[in-house]
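Structural description and commentary
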Amino acid sequence: MMSGVQSPTFALALSLSALLACAAPAPRDARVGNPRPNIVFVLADDHAAQALGCYGSPVAHTPNLDRLAREGVRFERAFCGNAICAPSRASILTGVHSHVHGVIDNAATFDGSQPTFPQALDRAGYDTALFGKWHLKSAPTGFDTWQVFPDQGEYYDPTFDTPQGKVQVRGYATEVLTDLALEWLEARGTSQQPFLLCVQHKAPHRSWEPGPRELALYRGERVPKPETLFDDYASRSSAAGEQQMSIARHLTEFDLKLGPPRPKTEQDIAAWRATYDAENATLREHPLSGDERTSWNYQRYIKDYLRCVAGVDASVGRIMEWLEQHGLAESTLVVYMSDQGFFLGEHGWYDKRWMYEEALRLPLIARWKGVIEPGRVDQHLVQTIDIAPTLCELAGAACDARTQGASLVPLLEGREPRDWRSSLYYRYYEWPEPHHVEPHFGVRTQRAKLMRFPRLDAWELYDLERDPRELRNLAARPEAAGLRAELEGELHRLQAQFGDAPR
Ligand code: CA
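Residues numbered from 1 in each chain as written. Predicted model: local features only at pLDDT ≥ 70, side-chain atom pairs only at ≥ 80, totals over all residues. Heavy atoms only, no water.

Overview of the packing of aromatic side chains
Applying the stated criterion to the full structure yields 22 aromatic pairs. Residues F343 and W349 carry aromatic rings whose centres are separated by 5.0 Å and whose planes lie at 90° to one another, so their mutual orientation is edge-to-face. Like W349, F343 is buried. Taking 6.1 Å as the distance between ring centres and 35° as the angle between the ring planes, the aromatic pair formed by Y425 and F498 counts as tilted. Here the residue Y425 occupies a position in strand β13 (residues 423-428), and F498 occupies one in helix α14 (residues 481-498), the gap between them amounting to 73 residues. For Y425, a relative accessible area of 2% translates into the label buried. Ring pairs connect the aromatic residues Y233, F343, W349, W354, Y356, F453 and Y462, which therefore count as one cluster. In this structure, R262 is placed above the aromatic ring of F254, and the distance from its NZ or CZ to the ring centre is 3.5 Å. (Phe/Tyr/Trp six-rings, centres within 6.5 Å; stacked < 30°, edge-to-face > 60°. Buried < 20%, exposed > 50% of the residue type's maximum accessible area, 1.4 Å probe, protein only. Helix = DSSP H or I, 4+ residues; strand = E, 2+ residues; numbered from the N terminus. Lys NZ or Arg CZ within 6 Å of the ring centre and 35° of its normal.)

So this is what it looks like as structure tokens:
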């Protein structure tokens, strides 16, 4: 009945299960109709879920990401396992938690000889490319082509590490990356080899330097404050009060754009000055203090953050448009996610690190036309460790035997998996610099969250159904003793399952 070459229509008509059942790795010159999708994997840096329109933000300018969600599935409950860049990126690549891949903090070097999903896809015949932020110190492995920022990278005129050495590219990082990605796609010509394209933005990471095209957004507007901007940390452990990541006290002049402009071209400098100079002059003439100054800092911070987000959104739009123009929208899975969440003024903070929802949670959107039902919102608990097994399964590639995550393929298909996880493990290590956030670990279920601060011998417990903003620590409340015991048991079970044992 079937020749070796299937029509694209036939391939799309097959259910994903059927495809996977016969998804033996294809040869590198696989032709038209290969049931394995191309994969565009877009990883933003520090993009909080609450800064996307499709996740409920009334102010984020994310029309392209919102469209991606309308045309695919949006995971409402997606989380990291360690809310800082390098550990979370390593978990995405490997499918295992920090204590297994070894990158427990941003100072650690990733051992690139361990199995990752790009290596698996490369071996399974994918053409693989990476552009942007890597942040794992060792050279990328598993990519036929790569061009990455050293460390965090720069927003304007970024330098890149490449296999051939360093290069600097004039322009704004988000746009430069997009250009590199599209040039790579163009250069593939009519190749029928499936591809993995990783576009890994610096934005909207600190120090939130907007691009020239986004600088005019939000000028003259006031972004609503989060309800918890002036959180007093009552009922929490002492950890929350000891951090150094507050909007009131820990943003620098550099963060707040009170110094010289970052762009180098006259036109971009003019856009920068038009955005900041008048407000800066007013602040110098009429200095603010206390809550008024905190509110000023918040406005400056959140607008710059959202401008950076808008740039990332435009990049996603350009890639989606290219796929459509080249007839690849249907054969390409587009995944958008962030390495963790971020505080956008909640609890008075910027940055991440904490197991509190704003940092723990991340946006995760996947579109594969004809396979993923458009507009679905998934409520399962999913985590960074699930990405590698998912992409390996879709590519018909062998999964790392160490994998601690679960493939999201049933969820992409809209099927109810048997025995899906009912809780997530989290552990944060980095101490004391740069932000004096106490090491902690914990468990989150659909309903509640238990956090343990071992150096303080302290616990925090939140009922997420009744207290979604996590303002009432119930750890010492007699009426919550049952819930706490249940979560402690679950925490120990997860530690045994994952082979981790802090107490
Ligand atoms: Ca990050």
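Structural notes on the sheet that holds strand β16 (residues 458-463)
Across the sheet, which stays open at both edges, the four strands sit in the order β13-β14-β15-β16 with antiparallel pairing between neighbours. Each of the sheet's edge strands pairs with one partner strand only, and the pair in question is β13 and β16. With strand direction ignored, the average angle separating the axes of adjacent strands in the sheet is 15°. Examined bridge by bridge, β13 and strand β14 (residues 440-445) share six bridges and lie antiparallel to one another. What sits directly across from S423, in β14, is T445. (Pairing = 2+ DSSP bridges. Axes fitted to C-alpha atoms, helices over the stretch in contact; angles between N-to-C directions.)

Observations regarding unusual backbone geometry
Put simply, W431 and P432 share a cis peptide bond, and its omega is -10°. Relative to the helices and strands, P432 resides in the loop between β13 and β14. Cis peptide bonds are those with omega within 30 degrees of zero, and the linkage from E433 to P434 qualifies with 5°. Position of P434 relative to the elements: it lies in the loop between β13 and β14. Although it is not a glycine, H135 adopts a positive phi angle of roughly 70°. By secondary structure assignment, the location of H135 is in the loop between β4 (127-133) and β5 (145-149). Given the relative accessible area of 5%, H135 is considered buried. Unusually for a residue other than glycine, K137 sits at a positive phi of about 70°. Examined against the element boundaries, K137 turns out to sit in the loop between β4 and β5.

So, the coordination of the calcium ion
Around the calcium ion, the protein supplies D45 (OD), D46 (OD), C85 (SG), D339 (OD), D339 (OD) and Q340 (OE1) as donor atoms, at distances of 2.2 to 2.6 Å. All donors of the calcium ion belong to a single chain; written as a sequence motif, their spacing is D-D-x38-C-x253-D-Q. Of this pair, D46 sits in the loop between β1 (38-44) and α3 (63-70) while C85 sits in helix α4 (residues 85-94), placing them 39 residues apart in sequence. Among the residues examined, C85 registers a relative accessible area of 0% and is labelled buried. (Donors = N, O, S within 2.8 Å, 3.2 Å for Na, K, Ca; no water.)

So, the nonpolar core
F41, F117, L197, Y305, W354 and L364 are the most contacted members of the largest nonpolar core, which has 138 residues in total. Top contributing element to this core by residue count: helix α10 (residues 290-325), with 14 residues. Once residues within four sequence positions are removed from consideration, Y305 is found in contact with D46, H47, A48, A51, P204, W208, F342 and L344. With 15 residues, the next largest nonpolar core counts L450, L461, L491 and L494 among its residues. (Core = buried A, V, L, I, M, F, W, Y, C linked by side-chain atoms within 4.5 Å. Contact = heavy atoms within 4.5 Å.)

Looking at the environment of A281
Topologically, A281 is positioned in helix α9 (residues 266-285). Sequence spacing of A281 and Q50 is 231 residues, and the spatial spacing of their C-alpha atoms is 31 Å.

Let's talk about the pattern of salt bridges
Inspection of every chain in the model, using the stated rule, returns 42 salt bridges. A salt bridge links K449 to E357; the nearest nitrogen and oxygen atoms lie 2.8 Å apart. One end of the pair, K449, is in strand β15 (residues 448-453); the other, E357, is in helix α11 (residues 357-360), with 92 residues separating them in the sequence. Exposure remark for K449: the relative accessible area of 0% places this residue in the buried category. Each of R67, E71, E324, R367 and K369 takes part in salt bridges that share partners, so that together they form one network. (Salt bridge = Lys/Arg side-chain N within 4 Å of Asp/Glu carboxyl O.)

Concerning the environment of H440
Residue placement: H440 occurs in strand β14. Sequence separation of H440 and A86 is 354 residues, and the distance between their C-alpha atoms is 17 Å. Among all residues touching H440, those that are not within four sequence positions of it are R353, W354, M355, Y426, R427, Y428, M451, R452, F453 and P454. There is a polar contact of 3.0 Å between the side chain of H440 and the backbone nitrogen of M355. (Polar contact = N/O pair within 3.5 Å; in protein donor to acceptor, adjacent residues only side chain to side chain.)

Remarks on α4
With ten of ten residues buried, α4 is to be regarded as a mostly interior element. Taken residue by residue, α4 has C85, A86, P87, S88, R89, A90, S91, I92, L93 and T94 as its buried positions. Of the residues trailing α4, G95 is marked for its positive phi of about 80°.

Observations regarding the packing of α9 against α10
Put simply, α9 and α10 touch, their axes get as near as 13 Å, and they point 175° apart. Between α9 and α10, the interaxial angle falls into the category roughly antiparallel. Residues T275, Y276, E279, N280 and L283 of α9 pack against R293, W296, R300, K303, D304 and R307 of α10. In terms of residue class, the contact of α9 with α10 is made up of three nonpolar, two polar and six charged. (Parallel < 35°, antiparallel > 145°, perpendicular 65-115°, else oblique. Nonpolar A, V, L, I, M, F, W, Y, C, P; charged D, E, K, R; others polar.)

A short note on the pairing of β15
Extensive coverage of β15 is indicated by the burial of six of its six residues. Sheet topology places β14 next to β15; four bridges connect them, and they run antiparallel. Residue F441 lies in a different strand from β15, and its bridge partner there is R452. Looking at chain direction, β15 and β16 are connected through six bridges and run antiparallel. The partner of L450 across the bridge, within β16, is L461. Counted along the chain from β15 to the antiparallel partner β16, the turn is four residues long, and its residue D457 has a positive phi close to 50°.

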